[in-house]
Amino acid sequence: MEETQFNKRAINLQVPGTRKFSNQVKEYEDGVDLTLGQSGFATPEYIRESMIEAINQNKLRYTHNRGLIELREAISAYNKKRFDVTYDAETEIIVTNGGSEAIDSVLRTILEEGDEVIIPCPTYLAYEPIATLQGANTVLIDTTKTNFVLTKEVLKQAITPKTKAIIFNYPTNPTGMIPSLEQMNELVDVLKDTDIFILTDEIYSDNVYDGEFHSFMEFPEVREQLFVINGLSKSHAITGGRIGYILAPPFATEQVTKVHLYNSVCVATPSQYGAIAAFTDETGPGILAKMNEAYKERRDFTYKRLRDMGLPVELPKGAFYIFPIIAEYNKDSFEFASELLEAEHLAVVPGRTFSIYGEGHIRLSFACSMEELEEGCNRLERFLLTYNK
Ligand SMILES: Cc1ncc(COP(=O)(O)O)c(C=O)c1O
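What you are looking at is a predicted structure, and each value in this text was computed from that prediction instead of being measured.

Participant: Explain the environment of L306 here, please?
Facilitator: With respect to the helices and strands, L306 occurs in helix α11 (residues 284-308). Spatially, the C-alpha atoms of L306 and F334 are 19 Å apart, while their sequence positions differ by 28 residues. Ignoring anything within four residues of it in the chain, the contact list for L306 reads L311, V313, I322, P324, L364 and L380.

Participant: Can you help me understand the site of the ligand in this one?
Facilitator: Around the ligand lies a shell of 14 residues, among which S100, D201, Y204, S233 and R242 are the nearest. Between the ligand and D201 there is a distance of 2.6 Å, counted from a nitrogen atom to a side-chain nitrogen or oxygen. Within the side chain of Y204, one N or O atom sits 2.7 Å away from an oxygen atom of the ligand. Alone, the ligand offers 390 Å² of accessible surface; in the complex the protein occludes 92% of this. In terms of residues, the shell around the ligand owes the most to one element, helix α5 (residues 98-110), which gives four residues. Looking at the shell around the ligand residue by residue, the classes come out as five nonpolar, six polar and three charged.

Participant: Whenever I open this one, the packing of α11 against helix α13 (residues 370-386) confuses me. Can you help?
Facilitator: When two helices pack together, you describe them by how their axes are tilted relative to each other and by the distance separating the axes. Contact pair α11 / α13: the axes reach a minimum separation of 11 Å and the direction vectors enclose 10°. When the axes of α11 and α13 are compared, the pair comes out roughly parallel. In contact with E297, R298, F301, T302, R305 and L306 of α11, α13 contributes M370, L373, E374, C377, N378, L380 and E381. Per-class residue counts for the contact of α11 with α13 are six nonpolar, two polar and five charged.

Participant: What is the right way to read the sheet that holds strand β8 (residues 243-247) from this model?
Facilitator: Adjacent strands of a sheet pair through backbone hydrogen bonds, lying either parallel or antiparallel. A sheet is described by the order of its strands in space; here seven strands give the open sequence β2-β8-β7-β6-β5-β3-β4, paired in mixed fashion. Across the chains shown, the open sheet's two edge strands, defined by having one partner strand only, are β2 (93-97) and β4 (137-142). Across the sheet, the mean angle from the axis of one strand to that of its neighbour is 20°, orientation sign disregarded. Examined bridge by bridge, strand β3 (residues 116-121) and β4 share six bridges and lie parallel to one another. Counterpart to I118 in the pairing with β4 is V139.

What counts, and where the lines are drawn
- Residues numbered from 1 in each chain as written.
- Predicted model: local features only at pLDDT ≥ 70, side-chain atom pairs only at ≥ 80, totals over all residues.
- Heavy atoms only, no water.
- Helix = DSSP H or I, 4+ residues; strand = E, 2+ residues; numbered from the N terminus.
- Contact = heavy atoms within 4.5 Å.
- Near = heavy atom within 4 Å.
- Polar contact = N/O pair within 3.5 Å; in protein donor to acceptor, adjacent residues only side chain to side chain.
- Areas by Shrake-Rupley, 256 points an atom, 1.4 Å probe, with all protein chains shown as cover.
- Nonpolar A, V, L, I, M, F, W, Y, C, P; charged D, E, K, R; others polar.
- Axes fitted to C-alpha atoms, helices over the stretch in contact; angles between N-to-C directions.
- Parallel < 35°, antiparallel > 145°, perpendicular 65-115°, else oblique.
- Pairing = 2+ DSSP bridges.

In short, the description is geometric, and any link to function would need to be established separately.
Structure representation (structure tokens):
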């Protein structure tokens, strides 16, 4: 077989920087991995127990393509309570294989060759490749000068007659930034009354440490054009459970369901039972609050250490990541991360992974244990002291 036999767009995809470095660091016995956005905590026991119970009761059959109705009702109730919005369990919710499949299914349902997708950057690495696979053109917007938040002026300039969608991700991976309610209002003002789809990936909305999180769901003027993407991977320390979901109006859900069902039929049934427990168990909120307290402490620790090392860095408001500037040492973040790995056996993610506008930064995840973070910071500090600028 020749490489030319494959889809050219697939051939052109790159393995993300997150995986590259986390795979390489495993080769070192004393390696420290600060790359992956997954919690150092165990998945809460009540979730694991309900998954085990589902297996023991042989709940291992296909479910409805959109997921168990009890789970969709639990998702609906959670969002009602949190944001005072109503999404109908029957017609407006699809349970997906993590946030990843939610992003993929929505983008594949709406995008066609030549469409433009606006993506404020730096941002999560999956949006651009999925859009590109569809033949769409990504319009990457630099938010580094506006504290990593898209402003209405820049948004207005980016819109063309070909704009099909815009993708928001607040709190943002890799910066942890969140817009103010006023900034969101301004963005909504520009987007309402257009036929531009809004994807809002809110997978870190339960991991917020400062201020209040507002969802685009709170703006009824854009409800008909809005796809909300969320899931339990991050909030409930269950990345391997593959539980995500989409909220969208019925006419949109109907279209996305077809793409979702041909891709995966449904989410693994025991995971769906685990998710019902995640949304309904009374002990859940207390456990999440404890985990968030620990992440906040780790964030504050890492922020202080980075500043003390002399690296310019913003304090993230949410998510698991911190995004210092290393440009003074090396303008090429891949080179910097490779040298760091080789010298100190410490893996971080090069900023360019999150688009060209992430260049000059590295991303550290603070979702791991405090011991790993401390050791990681010690190694980074030592590395900087000896770095030949
Ligand atoms: C912004 C964002 N969206 C989606 C995902 C994927 O989540 P999941 O593991 O639920 O597929 C991630 C994972 O890192 C992410 O950072």
